[in-house]
Amino acid sequence: MKRTIEIGGYNTFQQPRTVRRQKGKAAEGGGVAILVRKGIPTRQGETYSGKVTEKISVHVSQTAGPEIHIVNIYRPPIGGGDDTRKEDFVVGDLQEGENVLTMGDIINLHHEAWSAFATQSEGGRKVMTWVAETERIIWNDPRKPTWQRNIQRSSPDIVIGQPRWPRKWKLLEGWVSDHRPVMTEVPYEKTTEQKAARKVLQWQ
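What you are looking at is a predicted structure, and each value in this text was computed from that prediction instead of being measured.

*Asks:* Can you walk me through the confidence of the model for the chain in this structure?
*Replies:* Within the chain, residue pLDDT values average 83, and 83% of them lie at 70 or more. No element of the chain has a lower mean pLDDT than strand β13 (residues 196-203), at 48, and none a higher one than strand β7 (residues 137-138), at 96. Counting interchain partners and residues more than four positions distant, the pLDDT-below-50 stretch residues 193-199 has nine contacts.

*Asks:* What should I look at first to understand the packing of aromatic side chains in this one?
*Replies:* Where two aromatic rings form a pair, the distance of their centres and the angle of their planes describe that pair. Counted under the stated rule, the structure contains one aromatic pair. The interplanar angle of 70° and the centroid separation of 6.5 Å between the aromatic rings of W139 and W165 together place this pair among those described as edge-to-face. With W139 in the loop between β7 and β8 (147-149) and W165 in the loop between β10 (157-161) and β11 (169-171), the pair connects residues that are 26 residues apart, well separated along the chain. For W165, a relative accessible area of 8% puts it in the buried group.

*Asks:* It is not clear to me how the sheet that holds strand β6 (residues 100-106) should be interpreted in this structure. Could you clarify?
*Replies:* Each strand in a sheet pairs with its neighbour through backbone hydrogen bonds, running either in the same direction (parallel) or in the opposite one (antiparallel). Taken in spatial order, the six strands make up an open sheet running β3-β4-β5-β6-β10-β7, and their pairing is mixed. Each edge of the open sheet carries a strand with a single partner, namely β3 (42-49) and β7.

The rules we used
Residues numbered from 1 in each chain as written. Predicted model: local features only at pLDDT ≥ 70, side-chain atom pairs only at ≥ 80, totals over all residues. Heavy atoms only, no water. pLDDT = per-residue confidence, 0-100. Helix = DSSP H or I, 4+ residues; strand = E, 2+ residues; numbered from the N terminus. Contact = heavy atoms within 4.5 Å. Phe/Tyr/Trp six-rings, centres within 6.5 Å; stacked < 30°, edge-to-face > 60°. Buried < 20%, exposed > 50% of the residue type's maximum accessible area, 1.4 Å probe, protein only. Pairing = 2+ DSSP bridges.

Written out as structure tokens, the structure reads:
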């Protein structure tokens, strides 16, 4: 991700990839981003680009409640070939808190709570233990894979929400990609100059 993503009507918050993926190769592509509709008061939060894990977060202001924190995290597959990177993902990267929505692509960290198509991994069990300890919930439907290539299926894309929020999670159809886009919603309170109106933010 060498250039800023520009989509009309949205502000872009992004963390470019800063390190190489393989030995002898420069960093190219990749990175993480969050796009927020203009007019929604938002500030950038923590960003991180290690040798493996990439992360960005934003804080969305509400006039009638605390900020909502949106976290986007990517843990790519590592190992094989000339890949000399070492694991630097820790479950704390998922970020705890009462108003946090975490979305991520955590490849090769499997658990039946979000994927019925892969054998559980030690990393997946650590993530699920963290989810339970922080009193969060997995919003994925484990029967619906977020990644599919021919007969191979998996769910590397995970959404971790708050138990008090309505659990809204669905896959979008008709996209030409082996990763299927996920749409989820969180309650958002916005006040205009005339009156307070309850609206919903859609994150894709």
